[in-house]
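An overview of the molecular structure
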Amino acid sequence: MPVQSYFGDDTERPNSLFWSAMLEKPALAPVQGNLWRDEFRATLALAWPLILSNLTMALIQATDVVLMGWLGPRALAASALGLNLCMSMTIFCMGLVIAAAPMMAADLGRRFNAVREVRRWFRQSVWVACVAVIPAWVVLWNTDMVLLALGQDKALAATASTFMRGYMWSMLPFLIFQALRGFVSALERPGWILTISIWGVVMNAVLGWALIFGHFGLPALGIFGGGLTTTIVWSIMAGGLACVAARQKAFRRFHILGHFWRSDWPRFGKIVRLGVPIALTLWSEGAVFAAAVGLMGLISEASVAAHAVALQIAALSFMVPLGLGQAATVRVGLGYGRKDPEALRRAGWTAFMLGTGFMTCMAILMWSFPHQLIELFLEPTAANAPVIDLAVSFLGVAAAFQIFDGAQVVGAGMLRGLQDTRWPMIFAIVGYWAVGIGAGSFLAFRLELHGVGVWIGLAGGLAAVSLLMIWRWSWRKQLGLLPV
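Residues numbered from 1 in each chain as written. Predicted model: local features only at pLDDT ≥ 70, side-chain atom pairs only at ≥ 80, totals over all residues. Heavy atoms only, no water.

Glancing now at the pattern of salt bridges. Taken as a whole and judged by the stated rule, the model has four salt bridges. For Arg 37, the salt bridge identified is with Asp 38, shortest N-O distance 3.8 Å. According to the relative accessible area criterion, Asp 38 is buried, its value standing at 10%. Residue Arg 267 is joined to Asp 264 by a salt bridge in which the shortest nitrogen-to-oxygen separation is 3.0 Å. Grouping residues by exposure puts Arg 267 and Asp 264 together as buried. (Salt bridge = Lys/Arg side-chain N within 4 Å of Asp/Glu carboxyl O. Buried < 20%, exposed > 50% of the residue type's maximum accessible area, 1.4 Å probe, protein only.)

This is the structure in structure tokens:
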């Protein structure tokens, strides 16, 4: 993820780790005392707002899964197929958009009143989003044809297409929200992102329940209503954050919506050039799980539904190391900018220990209480029993790869702090696709392990990527990655 800061105060000019580093007065890093303890405190202080914000956005998708589960296994399986197809494209587009955030932060670091530069970076990030979303919409409008070409059941593909006709339009407001999030984060006001995200979870749950099942006088739109709800909610969230950015005292001097139609092709091109490696790295992981859904569809409808539930639980736990990885980028980046190898070493390993430590706890939880976790998403009825049994077996494998999942995402954040993005991209593509999908397909169909085989393959891919990331970090000096 890009370098983002997540501190804020009530003054016009932030007083935080980021700005202190720019002024060569590093906060939370005294000369004396326990430097490792201070680094733990600094990393946690930086990470917790980001973790909560990531978690609330993940809860929006979790709510969709729960509501689809209430409609039944077929609706859950169909929505999972459509959602994973859409998410593989959304993640790539998001990687392009968020590339503007470190550029905004860099300009603000050089000159606090870099109003015009920040406005132009933001504007071009939205332009990139508008261009990138068009081919994605063309594909998603033909979801049924894509899924049929991938060998999915005809009835399931048709139901997935119905869901996607309501859901696909959420891509653009989601991307605009990410662009606004980058702007707000660069100015270190995370409270607005968190507040709007929390309201988004509530709106998505209430409006989804109403539109899917027909409450509050609204029509019962079924699976289409679930997709339409997400589009409405993300549009409201993007509009709300845009209003905050335009009117709130700390932001309004940037006039980010001013001269919106004025082009700036050099900045547009730079966002694309920096964003493509980020996008490919994010896409490699996101798309491999989408491909896993396709493999599940070749096995059985119950496997798709069970995969959706188990994956949602794993995705929620992933939000914590994801936030710690983003914090690692900032903390390692501060040490890199100060040309302090010891500071960046402490920052990287601190985030790594926190991330893997948390995921160890989550592995124990998933291993100890799989039925209780699965039944948060599916009612323990006779109709759902086959899906629950499969989901429990998948969750057992997920418990095994939790530590690897935490290690790879924090490792990627550590390397981005060293401005090292090309090799992590290569690691992700090779690890997730050659190892993850390759081994998963072999185990599922040649050794007839079915869905469990797919999940074992995913675990192998995550393990390979995490080991490669940590190897590169550990050899950072020998590889010439340290500042000179």
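Having put the structure on the table, let's press on.
What follows is about helix 16 (residues 385-417). Taking 1.5 Å as the rise per residue, helix 16 with 33 residues should run 48 Å; its terminal C-alpha atoms sit 46 Å apart, in good agreement. At Phe 401, helix 16 is deflected by roughly 45°, the largest bend along its length. Across the 33 residues that make up helix 16, a large majority, 25, are buried. In the stretch just after helix 16, Gln 419 is the one whose phi turns positive, near 60°. (Helix = DSSP H or I, 4+ residues; strand = E, 2+ residues; numbered from the N terminus. Expected span 1.5 Å × (residues − 1). Bend = angle between axes of the 7 residues up to and from the residue.)

We now examine the nonpolar core. Formed by 149 residues in total, the largest nonpolar core has its most connected members in Met 171, Phe 177, Phe 183 and Trp 455. The biggest single contributor to this core is helix 13 (residues 301-337), with 18 residues. Those residues in contact with Phe 177, other than ones at most four positions away along the chain, are Met 57, Ile 193, Ile 196, Ser 197, Trp 234, Met 237, Ala 238 and Leu 241. (Core = buried A, V, L, I, M, F, W, Y, C linked by side-chain atoms within 4.5 Å. Contact = heavy atoms within 4.5 Å.)

Take the side chain of Gln 402 next. Examined against the element boundaries, Gln 402 turns out to sit in helix 16. Sequence-distant contacts of Gln 402, that is, excluding residues within four places in its chain, are made with Ala 314, Ser 317, Met 359, Met 362, Ala 363 and Met 366.

Bringing the packing of helix 3 (residues 73-97) against helix 7 (residues 154-167) into the picture now. Where helix 3 contacts helix 7, the axes come no closer than 8 Å and their chain directions differ by 60°. With respect to each other, helix 3 and helix 7 are oriented oblique. Helix 3 and helix 7 meet at a crossing whose hand is right-handed. Side by side, helix 3 and helix 7 meet where Arg 74, Ala 77, Ala 78, Ser 79, Leu 81, Gly 82, Leu 83, Cys 86 and Met 87 of the first sit next to Ala 155, Leu 156, Thr 159, Ala 160, Phe 163, Met 164 and Tyr 167 of the second. (Axes fitted to C-alpha atoms, helices over the stretch in contact; angles between N-to-C directions. Parallel < 35°, antiparallel > 145°, perpendicular 65-115°, else oblique. Left-handed = near helix turned anticlockwise from the far one by under 90°.)

Attention now goes to the packing of helix 3 against helix 12 (residues 265-299). Between two packed helices, what matters for the description is the angle formed by their axes and the separation of those axes. Between helix 3 and helix 12, the least distance of the axes is 5 Å, while the angle of their chain directions is 165°. Taken as axis vectors, helix 3 and helix 12 run roughly antiparallel relative to one another. The handedness of the crossing between helix 3 and helix 12 is right-handed.

Once that is clear, we can look at a nonpolar patch on the surface. On the surface, Trp 70, Ile 198, Trp 199, Val 202, Val 206, Trp 209, Phe 216 and Leu 218 cluster together to form a nonpolar patch covering roughly 830 Å² of accessible area. Considering each element in turn, the nonpolar patch owes the most residues, five residues, to helix 9 (residues 190-213). Inspection of the secondary structure assignment puts Leu 218 in the loop between helix 9 and helix 10 (222-247). (Patch = residues over 30% accessible without salt bridge, like charges linked within 9 Å, V, L, I, M, F, W, Y side chains within 5 Å. Areas by Shrake-Rupley, 256 points an atom, 1.4 Å probe, with all protein chains shown as cover.)

What follows deals with the side chain of Thr 63. The topology assignment puts Thr 63 in helix 2 (residues 35-71). Under the relative-accessibility criterion, Thr 63 is labelled buried at 15%. Setting aside residues no more than four positions away along its own chain, Thr 63 makes contact with Val 201, Asn 204 and Ala 205.

Nothing here speaks to function; it is all geometry.
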